[in-house]
Amino acid sequence: MSFACLKLLCKKFMEGNKDEYHFAHLFLLLEWNLIAWSDNVVGLHMNDFEFLGDALLVYMKKTKTDQEGNHGRLPYHCYFNSVDPHLNLGLALGIYLLTNPGVLTNPHNKLFPAEHQYNRYARILNTVIESNREEFARIGVLPGTIGTHSAQKGAATYAASGCTVSPSMSAICNRAGWKMGGSRDKYVKYEAAGDQFLGRVLCGLNPLLQEFALSPPFFNMEGEELNEVERLLMSFVVGGTVLPAVTFEVLRMCFACVVYHHNFLVENLPANHRFRAHPAMTHLPEAIRRDANKCRPVQYHEVQDIESAPNLTGIPPHVAILNQVSVLTAAVEQSNERFATILAGELDRRSVGGPVFAANNIMDAIRELQDQLSNTQTITQQHQGRAPPPPPLNPEPRVQAPDNDPQHQMYMWGGRFHNIPENFVIPKMNLQTLIVYWFCGSQHPFVPPLRFAKCWDFNNRKFMKVYLSQMKRMIDEVCRGAAYVNFSLDGGVDSPAKATRLYEAVEHLFKFPAGRH
């Protein structure tokens, strides 16, 4: 599998409209970034992940050459590609975890909890290539030529030969679990620096550009402001209040990727994509969504100036030098502009060349002052001997609905007012997001709670009459379940946080055996 094939597959998985594509997207990126067998990816658990500094650490408990898991304590460093969202492992992991609420709470702690995930991934891979035969043919990929282990082979080839500045073969073999032969296996061991450089190369960052030293997106906040973001994330995630600290830190960094790429997701995800219904998309606060400085990646030379920025690892010397050269280049350009501005100002002040002439400026100022005095005198004469005009009456206060309240937003189309935008498509939903949409609606875009929507608010009126009725029946069962488990609905379900807690309370009543893939 070539790097071009990887990019095209990730694009199709992210922008496809099938629910299983975000599973395949994460599976493919893990297989590529870890240079791992598909079987090893299937066996990953949530406690195999840890986020430290600027890297996602993955502990592979079992590899081809380590069937007993003796080296499972060695962390393999994976990095988030902040330049290309399609290749961003953190974004793929965040979308997968948020759209599959049972993953974080399943008792076996498996990342891919259902059975036969290897066969499922192989089927999806072949289906996507077959359904986009022409696009893949342009890059030399035909149906049947790419298999489940192609990513491991392609990743190792790309890391070793994809650039003139490549990681060492020992780092590649150690991560892939391959023997180097002879005494090399005995004396050449794992070392973090080599694995970190390899991780940055595998994530798709170009080692010949200064962006190779880009950090993952992070929340540039401290104290109470950061605590507020963490409380928001806990309220959005099923089981968020009881997650282990290590798992929650991984989820927080993935959530930062979602926030940073929010506009990209809005523009590129299909209208009915399941993630569009999640509170992380529909109820993200404006203060975080609009302020680019609240959540962003930073360059190598910016880390020292930002206290909350993570320490960057895996940076080769030539990239550090590139960053310093870019800083010097920017400083020289600013110095040139500043010098030109100061010089032009001094010349104009001395009336040396240029469009400014001191005598003309003085005469213009005098004329302007004369006009102002003349106008003042005229107004004084007009009001002489008259009572001052009465103050204007206070206008009658008006009640205005807040702009950001989706329950008060109306849309005009089809010759009448509607509660729903004309081209709005209800995204695919799981039970958690159905509860959120039914009771809380969406803020982005402005859509009222679906319990207030009527079938004539949609273009496909006949279909929506049945669809809304089915939703109501499901919510009625949820409310019955809430009463059964003594979950109080007093005061209503007025926030995504309470809707998520309602789902957690009744989740066990709606479980059914997972199907086979």
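Please read all numbers here as calculations on a predicted model, not as lab measurements.

A.B. asks: Explain the pairing of strand E3 (residues 75-78) here, please?
C.D. replies: The two faces of the sheet receive side chains in turn, since in a regular strand these alternate between them. On E3, burial covers both faces: Pro75 and His77 on one face and Tyr76 and Cys78 on the other are all buried. Relative to E3, strand E2 (residues 55-59) runs antiparallel, the two being bridged by four bridges. Among the inter-strand pairings, Leu56 is bridged to a residue of E3, identified as Cys78.

A.B. asks: Before we go on, may I ask you to explain the environment of Leu8 in this structure?
C.D. replies: Mapped onto the elements, Leu8 comes out in helix H1 (residues 3-15). Overall, Leu8 belongs to the buried group, its relative accessible area being 14%. When the C-alpha positions of Leu8 and Phe136 are compared, they lie 7.8 Å apart, and in sequence the two are 128 residues distant. Residues within four places of Leu8 in sequence aside, it is in contact with Glu135, Phe136 and Ile139.

A.B. asks: Can you help me understand the pattern of salt bridges in this one?
C.D. replies: A side chain of one charge can pair with a side chain of the opposite charge when the charged atoms of the two come close. One pass over the full model with this rule turns up 15 salt bridges. Residues joined in a network through salt bridges with shared partners are Asp19, Arg274 and Lys428.

A.B. asks: What's the story with unusual backbone geometry in this structure? I'm lost.
C.D. replies: Only a minority of non-glycine residues have a phi that is not negative, and only a minority of peptide bonds are not trans. One non-glycine residue, Asn109, lies in positive phi territory at about 65°. Here Asn109 shows up in the loop between helix H4 (89-99) and helix H5 (117-131). Even without being glycine, Asn486 reaches a positive phi, approximately 60°. Along the chain, Asn486 turns up in the loop between helix H19 (461-484) and helix H20 (496-506).

A.B. asks: Help me understand the packing of aromatic side chains, please; the structure alone is not making it clear to me.
C.D. replies: Two measures describe an aromatic ring pair: the distance that separates the ring centres and the angle between the ring planes. One pass over the full model with this rule turns up 15 aromatic pairs. With centroids separated by 6.2 Å and ring planes inclined at 85°, the aromatic side chains of Tyr76 and Tyr190 adopt a geometry described as edge-to-face. Of this pair, Tyr76 sits in strand E3 while Tyr190 sits in the loop between helix H9 (184-187) and helix H10 (192-202), and the two are 114 residues apart along the sequence. A single burial state applies to Tyr76 and to Tyr190, both of which are buried. Three or more aromatic residues link up through ring pairs in this structure, and these residues are Phe23, Phe27, Tyr96, Phe112 and Tyr121. Taking the ring centre of Phe23 as reference, the NZ or CZ of Arg120 above it sits at 4.1 Å.

A.B. asks: Mind showing me how you'd approach the sheet that holds strand E1 (residues 49-52) here?
C.D. replies: Consider a sheet: its strands pair through backbone hydrogen bonds, and that pairing is either parallel or antiparallel. The strand order E1-E2-E3 describes an open sheet built from three strands, whose pairing is antiparallel. Either end of the sheet is taken by a strand with one partner, and the two such strands are E1 and E3. Recorded for the sheet is a direction-independent mean angle of 35° between the axes of neighbouring strands.

The rules behind the values
Residue numbers here run from 1 along each chain, matching the order of that chain's written sequence. Only residues with pLDDT of at least 70 get local features here, since the model is predicted, and only at 80 or more are side-chain atom pairs given and counted; chain-wide, interface and lining totals rely on the full set of residues. The basis for every side-chain value is the complete set of heavy atoms in the structure, and neither hydrogens nor water enter the calculation. Each residue gets one of three labels from its accessible area relative to the maximum for its type: buried under 20%, exposed over 50%, partly exposed in between, using a 1.4 Å probe on protein chains only. The way it works is that DSSP assigns letters per residue, a run of H or I at least four long becomes a helix, a run of E at least two long becomes a strand, and they are numbered from the N terminus. The criterion for strand pairing is that DSSP finds at least two bridges linking the strands in question. Whether two residues are in contact is decided by their heavy atoms, any of which lying within 4.5 Å being enough. The salt bridge definition used is simple: a Lys or Arg side-chain nitrogen within 4 Å of an Asp or Glu carboxyl oxygen. Only Phe, Tyr and Trp rings take part, Trp by its six-membered ring, and two of them pair if their centres are within 6.5 Å. Stacked means planes under 30 degrees apart, edge-to-face means over 60, and tilted covers everything else. Think of it as a cone above the ring: NZ of Lys or CZ of Arg counts as a charge over the ring if it is within 6 Å of the ring centre and within 35 degrees of the ring normal. Between N-to-C directions, angles cover 0 to 180 degrees, with each direction set by a line fitted to C-alpha atoms, over the stretch in contact for helices.

Read these as spatial facts, not as claims about activity.
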